[in-house]
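Analysis of the macromolecular model
Read off the chains here:
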Amino acid sequence: MTTPSSMTADPQTPGFLDALRPLLPELSVGALLGFATALAVKAVGRIVLIVVGLLFIALQLLSYFDVITINWLHLQAVAEPALRQGSEQGAAWFQRVLLANLPFAGAFTTGFLLGLRLRL
């Protein structure tokens with residue numbers, strides 16, 4: 001029969017929390033910075049979308065009143081290679097950043113995703 005004293009963990013055996021203890025400052029800073037970055041990205045993203053929307057409305061109004069003529073096919077041909085190249089380079093850069101410092105990156109990503117989900 002086992003006694004309650006034999007069921008307790010040996011104080012000499014390191015547990016999960018003991019192994020995690022040296023990483024806690026890095027994890028907490030990563031989560032906090034990820035959360036703050038997500039809030040900043042949301043705020044700046046809203047401003048950028050408003051500016052882009054107002055610019056589009058201005059271009060459409062100028063085009064409607066025959067002040068300017070917009071060649072949408074040429075604009076697409078010019079912008080598409082730059083956007084494709086930027087997304088490919090951005091994905092590779094993001095992967096390098098995430099794998100460079102894994103504990104910090106995991107906490108940062110978790111904080112970032114929580115910050116994006118937060119509704120203010």
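Procedures and definitions
Residues numbered from 1 in each chain as written. Predicted model: local features only at pLDDT ≥ 70, side-chain atom pairs only at ≥ 80, totals over all residues. Heavy atoms only, no water. Helix = DSSP H or I, 4+ residues; strand = E, 2+ residues; numbered from the N terminus. Buried < 20%, exposed > 50% of the residue type's maximum accessible area, 1.4 Å probe, protein only. UniProt positions renumbered as here; feature names shortened; annotations may be inferred. Contact = heavy atoms within 4.5 Å. Expected span 1.5 Å × (residues − 1). Arc of directions from axis to C-beta. Phe/Tyr/Trp six-rings, centres within 6.5 Å; stacked < 30°, edge-to-face > 60°. Patch = residues over 30% accessible without salt bridge, like charges linked within 9 Å, V, L, I, M, F, W, Y side chains within 5 Å. Areas by Shrake-Rupley, 256 points an atom, 1.4 Å probe, with all protein chains shown as cover. Salt bridge = Lys/Arg side-chain N within 4 Å of Asp/Glu carboxyl O.

With respect to unusual backbone geometry
- Of note, Asp-66 is a non-glycine position whose phi angle comes to about 55°, a positive value.
- Topologically, Asp-66 is positioned in the loop between helix 3 (24–64) and helix 4 (72–100).
- Taking the relative accessible area as the measure of exposure, Asp-66 reaches 68% and is therefore exposed.

Some details on the UniProt feature "transmembrane region" (unreviewed entry) in the protein
- Summarizing the sequence annotation, UniProt attributes the feature "transmembrane region" (unreviewed entry) to residues 23–41, 48–73 and 93–116 in the numbering used throughout.
- End-to-end, the C-alpha atoms of residues 48–73 are 24 Å apart, and along that stretch the chain is 73% helix and 0% strand.

Concerning the side chain of Lys-42
- Considering the arrangement of structural elements, one finds Lys-42 in helix 3.
- Lys-42 gets classed as buried once you look at its relative accessible area, which sits at 19%.
- With residues up to four places along the chain from it excluded, the contact list for Lys-42 reads Gly-115, Leu-116 and Leu-118.

Some thoughts on helix 5 (residues 102–117)
- Relative to the 22 Å expected for 16 residues at 1.5 Å per residue, helix 5 spans 22 Å between its end C-alpha atoms, a close match to the ideal helical length.
- Those residues of helix 5 lying buried are Ala-105, Ala-107, Gly-111 and Gly-115. Down the axis of helix 5, the buried set is contained in an arc of 165°. They therefore lie on one face. Exposed positions of helix 5 whose direction lies more than 90 degrees from the buried face are Leu-102 and Arg-117.

Focus on the packing of aromatic side chains
- In this structure the tally under the stated criterion is three aromatic pairs.
- Ring centres of Phe-56 and Trp-72 lie 6.1 Å apart, and the angle between their planes is 50°; on these two criteria the pair is classed as tilted. Of this pair, Phe-56 sits in helix 3 while Trp-72 sits in helix 4, placing them 16 residues apart in sequence.
- Taken together, a centroid distance of 6.2 Å and an interplanar angle of 15° make the contact between Phe-108 and Phe-112 stacked. Residue Phe-108 and its partner Phe-112 are both found in helix 5; the two are separated by four residues, about one turn of the helix.
- Classification of Phe-112 by relative accessible area gives partly exposed; the value is 21%.

Brief notes about the environment of Gln-60
- As for its placement among the helices and strands, Gln-60 is situated in helix 3.
- It is 8.8 Å that separates the C-alpha atoms of Gln-60 and Ile-70, two residues lying 10 residues apart in sequence.
- Gln-60 has contacts with Ile-70 and Trp-72, leaving out every residue within four places of it along the chain.

Examining a nonpolar patch on the surface
- There is a patch of nonpolar side chains on the surface, built from Ile-50, Leu-54, Phe-56, Ile-57, Leu-61, Leu-62, Tyr-64, Phe-65, Val-67, Trp-72 and Leu-75 and spanning about 1,200 Å² of accessible area.
- If you list the elements that add at least two residues to the nonpolar patch, you get helix 3 and helix 4.
- A per-element tally of the nonpolar patch places helix 3 first, with seven residues.

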